[in-house]
Amino acid sequence: MCFIRNVSLQNNHKVLTRTMPTISKALLSLLLSCTLFACSAQTVRIAESSNDYCAAIPATNNTMLSEYLAPVSNKMQDKTGVYVLEQGIEAMLSRAWLTEHAEHTIDVQYFIFSTDNVGLIATDYLVKAAERGVKVRVLVDDIMVDASGDELLTLTAHENIEIKIYNPMANIGKNIFDKVINLTTDFHQLNQRMHNKTFTVDGKVSITGGRNVADEYFGYDHQFNFRDRDVLLVGGITSKIQTSFDQFWQSKLSIDVADLVKTKKAANYVPDFTALHQYACNPENFAPSVRQKIKEMPLAIAKIQQQQQLQWLENVEYISDIPGKNNANKFLAGGGLSTEKLVSLLQSAQSNVVIQTPYLITTKATRKILKAIVDRGVDVKILTNSLASNDNLEAFSGYQRDRKALLKTGAQIFEFKPDAKIRQKIMSEVMHEQLQQAPIFGLHAKSMVIDDHTSVIGTYNVDPRSANLNTENFVIIPSKKIAQEVKQGLLEEMQPENAWAITLDWNPDSEESFMKRLKVKLRRIVPKSIL
């Protein structure tokens, strides 16, 4: 397997090459590269190790997830356990621990599953689960796949691992001619991506929210990280998440990697994951202190339950678009289930709405909705990225074009600072110990709180792409306690030490260089409909 060795959970020296990945950038790269993400372009591999690092790591407690869930099995029948994962470290530890204790199935659905350090270690965890007999299914969108086709075939050579690629029109198994043809003849379909992010174990516990699988989503990049948010769900609504995953898995848009890659493995090929295992066992790549925290997760779970931070709720809703989003009868438009539900929630607001979105690209329709609820006396506050915290210049260009029109709706707009004080609070302990200077943080969380009693956490950005092109998913949580806690966090991040308050007369764009501002202006050529 020719996985890249980019970074380390302990000694991270990665040069930042991707912060906020954009589909428009990916589409441009189709015309600049003959073979995207090919193994031949990967100059650094996982080398065979002369040391047996895994021998020094004690065996994991083999207690199965069902045994841990036994005390709450009755609650799981008609209620959903809900716990918001604010910190990147707890979001990562939760996924790792659940993978270690999975008994039957792990179903993984992501827009991005990187081959950086977090991605490699996550892959190792999934492989080890498969080696225990757990059936692992991975569904990932085609446009941002880091791994090569051969790497993916190596993984699927294991009898318990299946990988499918969603809407593979641009990357896996495609040559330059395929890419150009798809780009020029079916632009709408090429732009339709799967932005869903779900991680489900044994059909009983799920994690969903804004985080992809890569260093920067869990606070482990030394230069640039994302402020993000997930939610862990136990029982109840997880059955609907499982059903949605199965719907995507069985969709004609999801293609088995073996059907995409022209080169094949021999029928008697047996994959050897020794190098991957040794990589993940190497303390230079996986800090022992992090591994210890995973081992101690049962204690953390017990504490969460004792403090009643895991809320058992009725009427939790899971909303997901269908594969393909809509019937595509309107070019780069058409809406979807997620869009309809969010509009309905916004229009139901009576007193206040607080929104957090990394991309804030509004249309006349969006602004009309916001103005209508503001005119009814609803207080609307929105936090998004500033130019300084935002490396997605295409998206910022879309926001910048209508920023004044948005302010005229009466909504209050705040822009996240790259050196927000909150980053000291949300950085992992490992990063605090290693770094003399905190990295830049950009906003990536997609959350909303309505009238202090309903929270929405998921993947939906306030932009035309989420509204019309990307499939999205989110959870609606009817809990005053959770709403108040999430809202408190959102408002804290709007404070002067964390964000700038934007007015019709002032914005912080001038904080950035002339060249960066010029690049934003030049990107006005990109249609807002694909941003």
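Above this note sits the structure.
All values derive from a computational prediction rather than experimental measurement.

A.B. asks: Is there a simple way to think about the overall build of the chain in this case?
C.D. replies: Of the regular secondary structure elements, the chain holds 21 helices and 19 strands. Sorting the 531 residues of the chain into buried and exposed places 60% on the buried side. Pairs at least 24 apart in sequence give 84% of the contacts found in the chain among residues at least 6 apart. Here the chain has roughly 21,700 Å² of accessible surface; of this, 53% comes from carbon and sulfur atoms.

A.B. asks: Even after reading the chapter, I still don't get helix α10 (residues 274-281), so can you show me in this structure?
C.D. replies: One turn of the α-helix equals 3.6 residues, which is why residues spaced by three or four share an orientation. With respect to burial, α10 is a largely interior element, seven of its eight residues being buried. Listed in full, the buried residues belonging to α10 are A275, L276, H277, Q278, Y279, A280 and C281. Packing partners of the buried residues in α10 comprise α5 (117-131) and α11 (288-295).

A.B. asks: Teacher, can you tell me more about the sheet that holds strand β8 (residues 230-234) here?
C.D. replies: Backbone hydrogen bonds hold the strands of a sheet together, and the pairing may be parallel or antiparallel. Taken together, nine strands build an open sheet; the order of strands is β9-β4-β3-β2-β5-β6-β8-β1-β10 and the sheet is mixed. Edge positions in the sheet fall to β9 (254-256) and β10 (311-313), since each of these pairs with one other strand and no more. In this sheet, adjacent strand axes meet at a mean angle of 20° when their direction is disregarded. Note that strand β2 (residues 105-110) and strand β3 (residues 135-141) share six bridges and pair parallel. Along β3, the bridge assignment pairs Y110 with V140. Each of β2, β3, β4 (161-166), β5 (198-201), β6 (205-209), β8 and β9 is contacted by helix α9 (residues 238-250), which is oriented at about 65° to β3, the strand it contacts most.

A.B. asks: Can you help me understand the state of the cysteines in this one?
C.D. replies: Defined simply, a disulfide is a covalent bond joining two cysteines at their sulfur atoms. Counted under the stated rule, the structure contains one disulfide. Sulfur-sulfur distance for the disulfide between C54 and C281 comes to 2.2 Å. With the S-S dihedral at roughly 100°, the linkage between C54 and C281 falls on the right-handed side. Note that C54 is positioned in the loop between α1 (23-30) and α2 (65-69) and C281 in helix α10, a separation of 227 residues in sequence. Residue C54 is classed as partly exposed on the basis of its relative accessible area, which comes to 23%. Here C281 falls in the buried class, since its relative accessible area comes to 7%.

Rules and cut-offs
- Residues numbered from 1 in each chain as written.
- Predicted model: local features only at pLDDT ≥ 70, side-chain atom pairs only at ≥ 80, totals over all residues.
- Heavy atoms only, no water.
- Helix = DSSP H or I, 4+ residues; strand = E, 2+ residues; numbered from the N terminus.
- Buried < 20%, exposed > 50% of the residue type's maximum accessible area, 1.4 Å probe, protein only.
- Contact = heavy atoms within 4.5 Å.
- Areas by Shrake-Rupley, 256 points an atom, 1.4 Å probe, with all protein chains shown as cover.
- Pairing = 2+ DSSP bridges.
- Axes fitted to C-alpha atoms, helices over the stretch in contact; angles between N-to-C directions.
- Disulfide = S-S within 2.5 Å.

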